[in-house]
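One-letter residues, chain by chain:
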Amino acid sequence: MSRSTAQSVSPDAVIAVGDRFEDFLVNRGTVPVSDLLARLRSGDIPDGLTVGIGQGLSDGELEEIRALADRLAPAVTVAKPGVPERARQRLTHKHDAKNVLIGPVGQTGEHRFAADLVLDQQVEVLEDHLTGQHIPAITLLEAARQFWTVVTEQFYVTGPDRTRFVIGSVGSTFHSFVFPLAATLQYELLELTRTPVGPVFKCRISIHHGDTLASVIDAEYRVIPEPFSVKQEKIAARQAVSAELTRLREQSAPAMSGDRVA
Amino acid sequence: MLTTTDITATVHERINALLKEDGKPVRLLTGDEPLARIGLSSLLLARLIIELEAEFGADPFEEDYVISDVRTVGALADAYVETLANLAAAAA
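What counts, and where the lines are drawn
- Residues numbered from 1 in each chain as written.
- Chains lettered and ligands numbered in written order.
- Predicted model: local features only at pLDDT ≥ 70, side-chain atom pairs only at ≥ 80, totals over all residues.
- Heavy atoms only, no water.
- Pairing = 2+ DSSP bridges.
- Helix = DSSP H or I, 4+ residues; strand = E, 2+ residues; numbered from the N terminus.
- Axes fitted to C-alpha atoms, helices over the stretch in contact; angles between N-to-C directions.
- Contact = heavy atoms within 4.5 Å.
- Buried area = accessible area lost by both parts, 1.4 Å probe.
- Salt bridge = Lys/Arg side-chain N within 4 Å of Asp/Glu carboxyl O.
- Polar contact = N/O pair within 3.5 Å; in protein donor to acceptor, adjacent residues only side chain to side chain.
- Nonpolar A, V, L, I, M, F, W, Y, C, P; charged D, E, K, R; others polar.
- Parallel < 35°, antiparallel > 145°, perpendicular 65-115°, else oblique.
- Left-handed = near helix turned anticlockwise from the far one by under 90°.
- Domains from an automatic or database assignment.
- Patch = residues over 30% accessible without salt bridge, like charges linked within 9 Å, V, L, I, M, F, W, Y side chains within 5 Å.
- Areas by Shrake-Rupley, 256 points an atom, 1.4 Å probe, with all protein chains shown as cover.
- Lys, Arg positive; Asp, Glu negative; His and termini not counted.
- Charge placed at Lys NZ, Arg CZ, Asp CG, Glu CD.
- Buried < 20%, exposed > 50% of the residue type's maximum accessible area, 1.4 Å probe, protein only.

Visitor: Even after reading the chapter, I still don't get the sheet that holds strand β7 (residues 163–174) of chain A, so can you show me in this structure?
Guide: Strand-to-strand pairing in sheets goes through backbone hydrogen bonds, with the strands running parallel or antiparallel. All names here are of chain A. Reading across the sheet, the six strands line up as β5-β6-β8-β9-β10-β7 and stay open at both edges, with antiparallel pairing between neighbours. If you trace the sheet from one side to the other, it starts and ends with β5 (106–109) and β7, each paired once. Direction aside, the axes of adjacent strands within the sheet are offset by 30 degrees on average. By the bridge criterion, three bridges tie β5 to strand β6 (residues 112–116) in an arrangement that is antiparallel.

Structure representation (structure tokens):
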């Protein structure tokens, strides 16, 4: 049997993945997003093509796939659940839109929420660290962080006062690879404690590839009114600097006469 | 002008108010209590300092003191006494 390439797969369905996932793109049925866009723009596509959206696509690429699929329909369809969007950037606490890793959050039950994983291949936690075919654990941890941040901002923290989110603890278990394919995150609130310096949340986030549970991340984090957090940090920083200066002065202090080396 | 007694009483009162709000036991403070052991986390301490700044118009930890300078409740109250005295002297 001749060696197959991703491009010689059955034309019925392909999965678009960011070009950077070179190792993963050797898998039949995957296509670099730049190739797919070139073919959609030229109209050089087989009839009845279904496009699955994998990971690594930028907002611009997603938008263009959506527009081209609309124009070429019904020759081209995007597989359910369609072209994903990203969560509102402000809610994730990221300054750069390309660093948003999740889609909009929906509530699925009492204190339970879900979101899609929607990675841009230019995201900061992938840009300098991509080994093999899978999405690195550190990227999934950041996706989880954004997820709990959006859940809390959107559903639990009300009022105009500025706050800071501070992580108390994070524990994670990785059961199987997350590849650059469709994946979802689920949030379950385990405990919420109100304190005089802000609420403390304990949550469990699970990451799923279809029916497979890929990862579980348990986190405890506090939402602190900003003035308390600023003051706490200021006090701690001054203390740390003072301690370090004391250490440096002790290091460079001249030896006592009795300590002179013979 | 606030006396040492006034300042100390306010510091004790604010500490106990925070402890009560946090569901911790309150007690008659003498000043000998180690600050690290009365139940104030670093965040609660930050809130205490903010509230005392609102009360007194001064924060000893802005420039004159670092937190390790004040090991006891009494030392904390003394930090405010001294800072306020210095401010009053500077204003005179």
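So much for the structure itself; the text now carries on.
Visitor: I keep staring at the interface of chain A and chain B and nothing clicks. Help me out?
Guide: Interface size, as often reported, equals the accessible area lost upon joining of the parts. Taken together, the contacts link 15 residues of chain A with 19 residues of chain B. Interface of chain A and chain B: buried area, both sides summed, is about 1,500 Å²; carbon and sulfur atoms make up 64% of it. Contact with chain B buries area across many residues of chain A, yet A:Pro196, A:Lys231 and A:Arg238 alone supply 42% of it, more than any other trio. Inspection of the region where chain A meets chain B yields four salt bridges. Notably, a salt bridge pairs B:Glu62 with A:Lys234, separated by 3.1 Å at the nearest N-O pair. One can count 10 residue pairs in polar contact (both at pLDDT 80 or more) joining chain A with chain B. Of all the secondary-structure elements, those providing two or more residues to the side of chain A that touches chain B are β10 (212–225) and α6 (226–252) of chain A. A class-by-class count of the residues in the side of chain A that touches chain B yields six nonpolar, five polar and four charged.

Visitor: Explain the packing of helix α1 (residues 4–21) of chain B against helix α2 (residues 42–56) of chain B here, please?
Guide: In a packed pair of helices, the relevant descriptors are the angle between the two axes and the axis-to-axis distance. All names here are of chain B. Interaxial distance between α1 and α2 falls to 10 Å at its minimum, and their mutual angle equals 140 degrees. Judged by the inter-axis angle, α1 sits oblique to α2. As α1 runs across α2, the sense of the crossing is right-handed. For the pair formed by α1 and α2, the contact residues are Ile7, Thr10, Val11, Arg14, Ile15, Leu18 and Glu21 on the first element and Leu44, Arg47, Leu48, Glu51, Leu52, Glu55 and Phe56 on the second. Its residues placed into classes, the contact of α1 with α2 shows eight nonpolar, one polar and five charged.

Visitor: I keep staring at the sheet that holds strand β3 (residues 49–53) of chain A and nothing clicks. Help me out?
Guide: All names here are of chain A. In space, the four strands of this open sheet follow the order β2-β1-β3-β4, with parallel pairing throughout. Only two strands of the sheet have a single neighbouring strand rather than two, namely β2 (30–32) and β4 (76–78). Direction aside, neighbouring strands of the sheet carry axes that sit 35 degrees apart on average. Looking at chain direction, β3 and β4 are connected through three bridges and run parallel. Of the residues in β4, the one forming a bridge with Leu49 is Val76. Against the sheet, helix α1 (residues 33–42) touches β1 (13–17), β2, β3 and β4, its axis set at about 80 degrees to β2. Against the sheet, helix α2 (residues 59–72) engages β3 and β4, with an angle of about 135 degrees to β4.

Visitor: Help me understand the domain arrangement of chain A in this model?
Guide: All names here are of chain A. Here the domain parsing of chain A yields domain 1 (6–78) and domain 2 (89–228). Summarising the inter-unit geometry, the C-alpha centres of domain 1 and domain 2 are found 28 Å apart. Each partner contributes residues to the interface: domain 1 has 17 residues there, and domain 2 has 17 residues. Here domain 1 and domain 2 share an interface that buries about 1,500 Å² over both sides, 55% of which is from carbon and sulfur atoms. A per-residue breakdown of the area domain 1 buries against domain 2 is headed by Arg20, Phe21 and Gln55, which together make up 50% of the total. Summed over the shared surface of domain 1 and domain 2, the number is zero salt bridges. Our count for the contact surface shared by domain 1 and domain 2 stands at 10 residue pairs in polar contact (both at pLDDT 80 or more). When contributions to the side of domain 1 that touches domain 2 are tallied by element, the ones reaching two or more residues are β1 and α2. The residue inventory of the side of domain 1 that touches domain 2, partitioned by class, reads seven nonpolar, six polar and four charged.

Visitor: Just to check I follow, could you spell out a negative patch on the surface for this structure?
Guide: Residue and element names in this part refer to chain B. On the surface, Glu63, Asp64, Asp78 and Glu82 cluster together into a patch of negative charge. With respect to the helices, strands and loops of the structure, Asp78 is situated in helix α3 (residues 73–91). Asp78 sits in the partly exposed class, given a relative accessible area of 45%.

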